[in-house]
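Understanding the architecture of this molecule
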Number of protein chains: 2
Amino acid sequence: MNDESSIGIVEPQFFTFANSPDEMELDCGRKLGPITIGYETYGTLNQDKSNAVLVLHALSMDAHAAGFHDIDDRKPGWWDELIGPGKGFDTDEHFIICSNVLGGCQGSTGPSSINPETGKQFGLQFPIITIGDMVRAQRRLVEHLGIKKLRSVAGGSMGGMQALEWMTRYADLTESAIVIATTPRLGAQAIAFDAVGRHAIQADQEFHNGDYHEVEKHPAQGLSIARMLAHITYLSDESMRSKFGRALRETDHYSYDFGSEFSVETYLDYQGAQFVNRFDANSYLYITKAINYFDLAASHGGLDNAMARTKCKVMVLSYSSDWLYPPYQSQEIVHALTRQKRDVTYCNIKSDYGHDAFLLEVDAMRELIGGFLRNVAEPYHFGVDDPPSAPPISHHDSEAALAPEPTSPRSIYEGVRVDYDMIVKLVESGSRVLDIGCGTGELLAQLLESKQVDGVGIELRQGNIISCVRQGISVVQGDIDDGLGYLPDQSFDYALLSMTLQVVKKPEYVLAEMIRVARRCIVTFPNFGYWKVRAKVLMQGRAPITRSLPYAWFNSPNRHVLSIKDFRQYCATRNIQIEREIPLSSRGEGSRAATWPNLFADEAIFVISAGNRT
Amino acid sequence: MNDESSIGIVEPQFFTFANSPDEMELDCGRKLGPITIGYETYGTLNQDKSNAVLVLHALSMDAHAAGFHDIDDRKPGWWDELIGPGKGFDTDEHFIICSNVLGGCQGSTGPSSINPETGKQFGLQFPIITIGDMVRAQRRLVEHLGIKKLRSVAGGSMGGMQALEWMTRYADLTESAIVIATTPRLGAQAIAFDAVGRHAIQADQEFHNGDYHEVEKHPAQGLSIARMLAHITYLSDESMRSKFGRALRETDHYSYDFGSEFSVETYLDYQGAQFVNRFDANSYLYITKAINYFDLAASHGGLDNAMARTKCKVMVLSYSSDWLYPPYQSQEIVHALTRQKRDVTYCNIKSDYGHDAFLLEVDAMRELIGGFLRNVAEPYHFGVDDPPSAPPISHHDSEAALAPEPTSPRSIYEGVRVDYDMIVKLVESGSRVLDIGCGTGELLAQLLESKQVDGVGIELRQGNIISCVRQGISVVQGDIDDGLGYLPDQSFDYALLSMTLQVVKKPEYVLAEMIRVARRCIVTFPNFGYWKVRAKVLMQGRAPITRSLPYAWFNSPNRHVLSIKDFRQYCATRNIQIEREIPLSSRGEGSRAATWPNLFADEAIFVISAGNRT
């Protein structure tokens, strides 16, 4: 151990419950007890026991999430870069608990534990356990620690499944959930990979139907093959290409035999060999089976029903190159939460690391998790508090993706957004607002502060999403050109689209979607009918460059030029009702803009809604 | 057998060569002989033996590519949908040969053959073979059949590797190559999957270091696991989702044990069990090793050097959802061929089937392969021949993707392209031309007919690519917004961009790329300075709709509006030389357009080139 920001030396702890005759009932119908759960804690539980965060581990990990077991330890816990003083899971603020799952082999009861009925290891006599059973046991541990309500539950991969289970089964017991690199249910491909891994273990001649402990051997080859296979699915084509390529191990020519010679082969051999030293083959069978069985949708009669049970703030993180639990599966969770009007933030972190990114993309995660948890602990009051201080950003390659975008096509008046004040005036207090293309959250922050809205943003850029999260603004990463198909009709009071209509691919589609999901839409755009535009086109015969259309033809992000008159006519032919039309002028032509808007306004605000369906 | 378009009953044939002392020398340095090659042929070899097409099979296939072995056969050969009378490989036109690879277990010499030195099966005594060795043996077969030059070599997956080997090693022996769903070299991920599969076979207790034949057993479990794993990589997440999802086999509740219960599990079990009945485990080891060793770049000192050796027309096909040999790997082949000024056509066929698409996307392949081979056999003479008749299109879902796009933003004068005639006049005879956004190949066809250019198109849409292929026009699927980074400086005489500048994302980048790769660029675009445009903007204050700008603001594919004056100024500030500027008028304003182009031309043609580098 040599890391100054480390939590330091940590102590494995154990909790035993479900002693006879109070065995725990499992999803499979069988009972199990006594149950021991191995766990660790980091930081200090506060007086009112309100600062506990339960961290949930993935398939092959354990309770040792941070710090070192002794001073000679060279490797810290598996999430050490994120757990510690000043880190994403800031142990100066939060009390972190991590427990080994039921069915595991690192301190918790599992198939390698002694079966009290036989006095021998359970082996395959161990009951099939589920993610639900794991969480049930964790709940007992949390109760044992005297915690009435968790500040958060957070985990990646199988840990994310546990977080989902927590927030739906024990909705009253957690204030928030951080759901990372996971899925509401595995697809056929992921099930298939797990099944092949189990076949490899079961085919090993040393497996002895799970009773290998009796012959003092174990199915090392089978487990190693299962691990190698799984390991491929944790990486990505990109990361394997840059890490290994076609390099040969210690030579530059083929050996023309069947030994492992490519670097990727010897790497996998090593990973397999390491794994069999620390993991029990039966635990691997049981835990992969629990992962395969997990189906949040089926167990609640649909994903929306599941999400309707949640009561907490949720943050969902996925990774662009994760093909084991692909981002679209995280988006299913996010969309169901949004449909159920739950408070959800989502970021698809740009990464080449594949599924393993949840262990490696620590810079972006520190910002997102740290910002999210700070706002759960103490919601930011706009205009009252100082803005939350940003945690330190390390200077890695990914830094660019952490900063907000300095310029965007939306800033037209040298950064001053005259339309924002007007939009804030137009929105009713306490209404539910969707801000499409919310940027760094400036408009939503104003609306939260002065109108106490229930607001959510949609935004494309990772840096802007981090800005929103720091302020406690809920934001879902997405591209408006993909539509809002996941949102039900009329589920918002307002949909806002400010200075964005001219850059979207399909304005017709975007406007139709906005009018479908919101009772009122507020749309602002630069007016192509402005007199200076007309004059330049007439006199110079060139594409106009003005203050509100400041780009040259070849570098403009604007795909569409439209005027106030164009928009009016568009609404008329589409049965869209114009409730208000507010011409804006940035150049002291205010009164003329009011009288002749298409000529003297360089920007326009429209409040529109669905016309009468006759 | 019940298919009327089937080739019917076919006969396995055998050819033996490399008898002692003329054993064949292998890449590994060892000698092998005698060698028997199992093969089949379909169709009739013509008088001058010029119509032979060699079809090359993938890892787990064999010489039986089409037809039936007897009338009770229920399953035809593996590419039966593409080989037969009137099919893509039209047996009325071509004589098709397919042979089982060296190292295989379906009629050709492999590890299960008898070692003449021991009188027992080779097992692991069989020498390591390479794709090069397989092709070397095929060459002997082709010579044996009296064929001096093949019309084509064609194969998918490992068959594509053989096609690549043919066209680079035996460049004089084939007129064309069809390279499908393959890669110039496996990446680390694909090598890793193969390595895990081999581990599973070698770990099987019945493997006996490859001498399992002596104990009359075989490593069925290990081979089955290898096959299951490989099978997952042949499908795609999408296809597995739609085929299996999370369906359970014959039940609607979990069994809470370790039996195979998901449909995808029982499917893979079945695939594994079927495979071990027909395939030899040692052959699996040898052939996957040959695949892993294949590296066209390394064996020629770079991919460009390899492609410089080819002399034939090439068609490369990849599949959008293939993640085993992803499309970008096919594109590396295409780009190297283009750099080497070789005649190449490329289509990334849209498919959800994953790698297996090369066996399943038969409609698009029939069009592409059929069109390509017809033009190899008898090049289409523009203006002399009748256009080639299209093969019948079956009415499948994919039909839409087979037809050319009926409208495109390039057709502005109700389909009549007045700029084409002018461009054809401007281009010098026999020059090398790149047509960016070539559509259905109309302009290239004119240029081929009247100027005998060496032309290649770049086009995005699959339907348009099929149109080009039918006419024998070489076309590479690609998006100009991704740039031309793979092309060297000044490698074309002309780059053409007609009525496309206004729809590209980054016109600056596109123009810079064109000027980099071609000595002269011809660019045409609609003129935003046209008087009608100006008048509409002035009088109506609305985005103009005219004949040359026929779209409304909300549905326009045009991202950029520019005028002749804009373009002139752009060239001036970028040190781009305007060699010619030709205003076009479609409305009888020709003379005025010549005098005041920006006012009276509704379209413009510019011939530009790099200015002096001072």
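The coordinates are above.
As the structure is a computational prediction, the values presented were derived from the model and not from experiment.

A word on the overall build of chain A
The number of helices and strands found in chain A is 20 helices and 19 strands. Seen through its principal axes, chain A has C-alpha atoms that stretch 95 × 65 × 55 Å. Taken over 614 residues, chain A has a buried fraction of 61%. Sequence-distant contacts, at least 24 apart, represent 72% of the contacts inside chain A between residues at least 6 apart. When the accessible surface of chain A is totalled, it reaches about 23100 Å², and 47% of it is carbon and sulfur.

Quick look at the packing of helix H17 (residues 531-540) of chain A against helix H17 (residues 531-540) of chain B
Contact pair H17(A) / H17(B): the axes reach a minimum separation of 9 Å and the direction vectors enclose 150 degrees. One finds that H17(A) runs roughly antiparallel with respect to H17(B). For the element pair H17(A) and H17(B), the recorded crossing hand is left-handed. Across the interface between the two elements, A:Arg534, A:Val537, A:Leu538, A:Met539 and A:Gln540 from H17(A) touch B:Arg534, B:Val537, B:Leu538, B:Met539 and B:Gln540 from H17(B).

Here we look at the packing of aromatic side chains
This structure, assessed with the given rule, holds 42 aromatic pairs over all chains. Seen in terms of ring centroids, B:Phe525 and B:Phe567 are 5.1 Å apart; in terms of plane orientation they differ by 50 degrees. Their pairing is tilted. Separated by 42 residues along the polypeptide, B:Phe525 in strand S17 (residues 518-526) and B:Phe567 in helix H18 (residues 564-573) bring together distant segments of the chain. Its relative accessible area of 0% is what places B:Phe567 among the buried residues. Plain terms: the ring middles of B:Phe567 and B:Phe606 are 4.7 Å apart, the flat faces sit at 55 degrees to each other, and that makes the pair tilted. Of this pair, B:Phe567 sits in helix H18 while B:Phe606 sits in strand S19 (residues 603-610), and the two are 39 residues apart along the sequence. Members of the aromatic cluster, joined through ring pairs, are A:Phe122, A:Phe126, A:Tyr286 and B:Phe258. Geometry around A:Phe275 places A:Arg227 over its ring, the cationic atom sitting 4.4 Å from the centre.

Describing empty space enclosed by the protein
Taken as a whole and assessed by the stated rule, the structure comprises eight cavities of 30 Å³ or more. By volume, the largest cavity amounts to about 350 Å³. Around the largest cavity, the lining is made up of 25 residues, and of these A:His560, A:Val561, B:Arg559, B:His560 and B:Val561 lie nearest the centre. Of the residues assigned to the lining of the largest cavity, the class counts are 17 nonpolar, six polar and two charged. By volume, the second largest cavity amounts to about 110 Å³. As for the second largest cavity, its lining consists of A:Ala200, A:Ala203, A:Asp204, A:Gln221, A:Gly222, A:Ile225, B:Ala200, B:Ala203, B:Asp204, B:Gln221, B:Gly222 and B:Ile225. Grouping the constituent residues of the lining of the second largest cavity by class yields six nonpolar, four polar and two charged.

Structural notes on the interface of chain B and chain A
Contacts between the two partners involve 87 residues from chain B and, on the opposite side, 87 residues from chain A. Here chain B meets chain A over a buried area of about 7500 Å², counting both sides, of which 64% is carbon and sulfur. Looking only at chain B, the three residues that lose the most surface to chain A are B:Tyr256, B:Phe258 and B:Trp553, adding up to 13% of its buried area. Inspection of the region where chain B meets chain A yields six salt bridges.

Focus on the relation of the copies chain B and chain A
Note on the copies: chain B fits chain A at an RMSD of 0.0 Å, the axial shift is 0.0 Å, and the rotation between them is 180 degrees. A rotation of that kind, with that shift, is consistent with a two-fold axis. Residue B:Arg559, judged by its C-alpha, is the member of chain B lying nearest the rotation axis, at 2.1 Å. Comparing interface residues between copies, 100% of those in chain B also lie at the interface in chain A; the contact surface is shared.

Here we look at a positive patch on the surface
A contiguous patch of positive charge on the surface is contributed by A:Lys505, A:Lys506, B:Lys505 and B:Lys506. Structurally, the position occupied by A:Lys505 is in the loop between strand S16 (492-498) and helix H16 (507-517).

Describing the side chain of B:Glu206
Residue and element names in this part refer to chain B. Secondary-structure assignment places Glu206 in the loop between helix H3 (188-203) and helix H4 (220-234). There is a polar contact of 3.5 Å between the side chain of Glu206 and the side chain of Lys217. The contacts of Glu206, once residues within four sequence positions are left out, are Tyr212, Lys217, His218 and Pro219.

Observations concerning helix H6 (residues 263-278) of chain A
One full turn of an α-helix is made of 3.6 residues, so residues set three or four places apart face in the same direction. Compared with the 22 Å implied by 1.5 Å per residue over 16 residues, the 23 Å span of H6(A) between its first and last C-alpha is a close match. Among the residues of H6(A), A:Ser263, A:Val264, A:Glu265, A:Tyr267, A:Leu268, A:Gln271, A:Gly272, A:Phe275 and A:Val276 are the ones counted as buried. For H6(A), the secondary structure elements touched by its buried residues are helix H4 (220-234), helix H5 (237-243) and helix H7 (281-293) of chain A together with H3 of chain B.

Quick look at the state of the cysteines
Following the criterion strictly, the structure yields zero disulfides over all chains and no others. The thiol sulfur of A:Cys571 is not disulfide-bonded, and the nearest other cysteine sulfur, from A:Cys521, lies at 9.9 Å. B:Cys98 forms no disulfide, and the closest cysteine sulfur to it belongs to B:Cys105, at a distance of 14 Å. Overall, B:Cys98 belongs to the buried group, its relative accessible area being 0%.

Details of the pairing of strand S10 (residues 176-180) of chain A
Residue and element names in this part refer to chain A. Among the five residues of S10, five are classified as buried, and the element is accordingly described as predominantly covered. Of the two faces of S10, the one holding Ser176, Ile178 and Ile180 and the one holding Ala177 and Val179 are both buried throughout. With four bridges connecting them, strand S9 (residues 152-156) and S10 associate as parallel partners. Paired with Gly155 across the two strands is Val179, which belongs to S10. Between the parallel elements S9 and S10, the chain passes through helix H2 (residues 158-169) in a crossover that is right-handed. Of the strand pairs in this sheet, S10 and strand S11 (residues 313-319) are connected by five bridges, and their pairing is parallel.

Considerations on helix H13 (residues 418-426) of chain B
Residue and element names in this part refer to chain B. Considered for burial, the residues of H13 that qualify are Asp419, Tyr420, Ile423, Val424 and Leu426. Buried residues of H13, seen end-on, are gathered within an arc of 160 degrees and therefore sit on one face of the element. Looking at the buried positions of H13, the neighbouring elements they touch are helix H14 (442-451), strand S16 (492-498), S17, strand S18 (576-584) and S19.

Observations regarding the nonpolar core
By size, the foremost hydrophobic cluster in this structure holds 285 residues, and its most contacted members are A:Phe567, A:Ile608, B:Phe567 and B:Ile608. Sequence-distant contacts of A:Phe567, defined by excluding residues within four places in its chain, comprise A:Leu501, A:Leu511, A:Val523, A:Phe525, A:Leu562, A:Phe606, A:Ile608 and B:Trp553. Within the second largest apolar cluster, 44 residues are counted, among which are A:Ala65, A:Ala181, A:Leu317 and A:Ile465.

Re the side chain of B:Thr174
All names here are of chain B. The topology assignment puts Thr174 in the loop between helix H2 (158-169) and strand S10 (176-180). We classify Thr174 as buried; its relative accessible area is 1%. A distance of 2.8 Å separates the side chain of Thr174 from the backbone oxygen of Ser176, its partner in a polar contact. Those residues in contact with Thr174 that sit more than four places away from it in its chain are Lys149, Leu150, Arg151, Ser152, Val153, Met167 and Cys312.

Scoring rules and cut-offs
- Residues numbered from 1 in each chain as written.
- Chains lettered and ligands numbered in written order.
- Predicted model: local features only at pLDDT ≥ 70, side-chain atom pairs only at ≥ 80, totals over all residues.
- Heavy atoms only, no water.
- Helix = DSSP H or I, 4+ residues; strand = E, 2+ residues; numbered from the N terminus.
- Buried < 20%, exposed > 50% of the residue type's maximum accessible area, 1.4 Å probe, protein only.
- Contact = heavy atoms within 4.5 Å.
- Areas by Shrake-Rupley, 256 points an atom, 1.4 Å probe, with all protein chains shown as cover.
- Axes fitted to C-alpha atoms, helices over the stretch in contact; angles between N-to-C directions.
- Parallel < 35°, antiparallel > 145°, perpendicular 65-115°, else oblique.
- Left-handed = near helix turned anticlockwise from the far one by under 90°.
- Phe/Tyr/Trp six-rings, centres within 6.5 Å; stacked < 30°, edge-to-face > 60°.
- Lys NZ or Arg CZ within 6 Å of the ring centre and 35° of its normal.
- 1 Å grid on protein atoms, 1.4 Å probe; cavity = no way out; pocket = protein on both sides within 12 Å on 5 of 7 lines; lining within 4 Å.
- Points joined across faces, edges and corners; volume = space filled by probe spheres on them.
- Nonpolar A, V, L, I, M, F, W, Y, C, P; charged D, E, K, R; others polar.
- Buried area = accessible area lost by both parts, 1.4 Å probe.
- Salt bridge = Lys/Arg side-chain N within 4 Å of Asp/Glu carboxyl O.
- Least-squares fit on C-alpha atoms with pLDDT ≥ 70 in both.
- Patch = residues over 30% accessible without salt bridge, like charges linked within 9 Å, V, L, I, M, F, W, Y side chains within 5 Å.
- Lys, Arg positive; Asp, Glu negative; His and termini not counted.
- Charge placed at Lys NZ, Arg CZ, Asp CG, Glu CD.
- Polar contact = N/O pair within 3.5 Å; in protein donor to acceptor, adjacent residues only side chain to side chain.
- Expected span 1.5 Å × (residues − 1).
- Disulfide = S-S within 2.5 Å.
- Pairing = 2+ DSSP bridges.
- Right-handed = clockwise from strand over helix to strand, strands pointing away.
- Arc of directions from axis to C-beta.
- Core = buried A, V, L, I, M, F, W, Y, C linked by side-chain atoms within 4.5 Å.

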